[in-house]
Every structure is written in C-alpha cells, then in structure tokens.
Amino acid sequence: MQICKTLTELKQAIDVLKNNRKKIGFVPTMGALHQGHLSLYHRCKQECDVTVASIFVNPIQFTNAEDLTQYPRNETQDLQMLEAIGCNLVFMPSVVEMYPTPADIKIYFGTIEEKLEGKFRPGHFSGVGIVVSKLFHLIAPDVAYFGQKDLQQYLIIKMMVEQLSFAVKVVCCDIQREPDGLAMSSRNVRIAQQHRDDATSIYKSLLLAQSILLSHSIHEIKKSIEQFYYPHSALKLEYFEIVDADTLEDISNIGINQSVAICVACQLGNVRLIDNLVVNI
Ligand code: AMP
C-alpha cells in the first residue's frame, strides 16, 4: 500500500495509475476508521481496479473549534485497517499541504445546504465542497463512495458533480450500525459510558417514526418523537425532520411512490450525533 503525504507524490502515483488505464475508486474520510468506513472500501474494491483512500481532518468544515480539537485521530490503526482490506493508495496530507494559503473561496449550494445540518453548522458544506473538489481534482477518480450516514453531504456532492461536470460517478452506501442499532461513527468513541445506552434511542426514534409514518400526520409524528425523547434528558434533540429523500424539502403529506428521509441530530454530552432512515413508500 502506497502512502502519499504531498500533492507531488500523489500526482506521480495517480499518473502511473492513469497511464495504466486503471479504474480508480476513491473513498474520502477523516480517519478514525470503523466498520462503516470499511464497508465503503469493500464496495470500492469490488467495483474498481484500484482503491484510493484519503485521511484528512478538514479544518474548514468544522464550525465548532472544540469538535475539531477533540476529533478522534488514529493514524497507525487506520493504516493497518486499510492495509488489511487491500487498499492500494492512501493520501494523508497535512493541513498546510492542503491549504498552503487560507481557503478564501466559499461554495454556496443553494437551499439544500440551508436545511438540517446546514442550519446548525453554517459554512460546513462550503468546507466539505472545497475539500472534496480539491480531492476530486487531485485523484481524478472514476467512482467515489460516500455513506448515507451523511445523507445531506451525499446529496450536495452529487449535485456539485452534476452541475460542475466532474467526471466521477458518486455512489451512496448503506449505513452500518452497531448490534444495538447505533450508527457507527468516529465520534462514538467520545460518548461517555453513562450515555452509551441513551445513544441507542436515536435509532429507536427513527424506527418509531417509521412505524407510524403512514398512520399519522407529520405534526403528530413530531409530537410523538418529542415525547419519546423527553425521558432521555441526556439527549438534546437538535432537529428531527421528515423530508423528501432527494431534495430534503419538507413534506406535508406522505404519498405513494415517495422516498422519505427521517433525519435526526442530537447532542449527547459534548458529542454531536446524526442518523437517518430512508423509507421508500
Ligand atoms: P467521515 O470520516 O466521518 O467523514 O466519513 C467518511 C465517509 O464514511 C462518509 O462518506 C460517511 O458518510 C461514511 N460513513 C461514516 N459512518 C458510516 C456508517 N456508519 N456507515 C456507512 N458509511 C459511513
């Protein structure tokens, strides 16, 4: 497995792959890898000739300084995991290598970025868009793999690729969960022991909403969810939204042939957790 830390090293490695006409699959991550990330790598390996990983904790997508400093990092273990699954190339640049001068550019994705995560993390998607654009330019992958865990991110990247004509196919992969339903996340290691049980209520709340999706109005479902969270005082609900799964627009009535995303974000202690469920009616 080749490890590149500079843009120059990466360019040389990518040129060799391109000259050999390899189909390049790319999985961008911020490291602290878990089985959720690995599921993306497995899919990539099945569908492409070479698998390229990036590990970069992108400072410009963080809107909370403490979240950035506390973000888990585990380079040695990440590299062992990537080697074990047969990853071919890892790009792990420093912040200065990626941003030798401050990234003054901002990207505005329109109304889709103002919903859900965008409301609570202003500027987050601009930072994501900049880093993903830069990685796409450097790596020029044929296919890039993203998780449904970050549904809004996937939709925004898909839109960016379509509207700016990036020559890359963007694939969305299922959410991987712990046996108790908690969506796998790098941030889970920061959940305090006494809060671990409460964390399982996030997925349970999605299942509850799903179970009454067709029998109740959106207003009633949201009321039930508020009551569901009430006893779990450690979980501070930031949003619980039932939206169109393609546009993230609010829906007032749920109809046949609709794809609905139930999306939630919570603060548990000082850890912020998100999850979602997509239901095809
Ligand atoms: P991150 O390192 O958290 O930025 O995540 C890198 C990629 O892995 C993103 O496309 C995420 O959506 C995806 N991912 C994170 N957690 C999961 C999970 N539990 N299941 C599937 N994909 C995930």
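Let me sum up the structure you'll find in this document. Keep in mind that what you see is a predicted model, and the values were worked out from it rather than measured.

**Observations regarding the sheet that holds strand β4 (residues 89–91)**
Across the sheet, which stays open at both edges, the six strands sit in the order β1-β4-β3-β2-β5-β6 with parallel pairing between neighbours. The sheet terminates laterally at β1 (2–4) and β6 (169–173), the two strands that pair on one side only. Going from strand to strand, the sheet's axes swing by 25° on average, the running direction of each strand aside. Two strands pair when backbone bridges link them, and strand β5 (residues 143–147) and β6 are joined in this way by five bridges, in the parallel orientation. Bridged to A144 within β6 is V170. Each of β2 (24–29), β3 (50–55), β4 and β5 touches helix α7 (residues 124–139); the most contacted strand, β2, lies at about 150° to it.

**Topic: the nonpolar core**
Residues L89, V132, F136, I139, F146 and I157 are the most contacted members of the largest nonpolar core, which totals 45 residues. Sort the elements by how many residues they give to this core and α7 lands first, with eight residues. Two domains each put at least three residues into this core: domain 1 (2–173) and domain 2 (186–280). Excluding its chain neighbours within four sequence positions, the residues that come into contact with L89 are M1, Q2, C4, L10, A13, I14, L17, T51, V52 and A53.

**Some thoughts on the environment of H34**
Of note, H34 is situated in the loop between β2 and α2 (35–47). Taking C-alpha positions, H34 is 8.8 Å from M81, a pair spaced 47 residues apart along the chain. Residues within four places of H34 in sequence aside, it is in contact with M81, M184, S185 and S186. Polar side-chain contacts of H34 include one of 3.5 Å to the backbone nitrogen of S186.

**A closer look at the site of the ligand**
The immediate surroundings of the ligand are formed by 17 residues, with M30, G147, D150, Q176 and M184 found nearest. Interatomic distance of 2.9 Å between a backbone N/O atom of G147 and an oxygen atom of the ligand. If you map the ligand onto the pockets, it falls in the largest cavity. Of all the secondary-structure elements, those providing two or more residues to the shell around the ligand are β2, α2 and β5. With three residues, the single largest contributor to the shell around the ligand is α2.

Procedures and definitions
- Residues numbered from 1 in each chain as written.
- Predicted model: local features only at pLDDT ≥ 70, side-chain atom pairs only at ≥ 80, totals over all residues.
- Heavy atoms only, no water.
- Pairing = 2+ DSSP bridges.
- Helix = DSSP H or I, 4+ residues; strand = E, 2+ residues; numbered from the N terminus.
- Axes fitted to C-alpha atoms, helices over the stretch in contact; angles between N-to-C directions.
- Contact = heavy atoms within 4.5 Å.
- Core = buried A, V, L, I, M, F, W, Y, C linked by side-chain atoms within 4.5 Å.
- Buried < 20%, exposed > 50% of the residue type's maximum accessible area, 1.4 Å probe, protein only.
- Domains from an automatic or database assignment.
- Polar contact = N/O pair within 3.5 Å; in protein donor to acceptor, adjacent residues only side chain to side chain.
- Near = heavy atom within 4 Å.
- 1 Å grid on protein atoms, 1.4 Å probe; cavity = no way out; pocket = protein on both sides within 12 Å on 5 of 7 lines; lining within 4 Å.
- Sits in = over half its atoms within 2 Å of the grid points.

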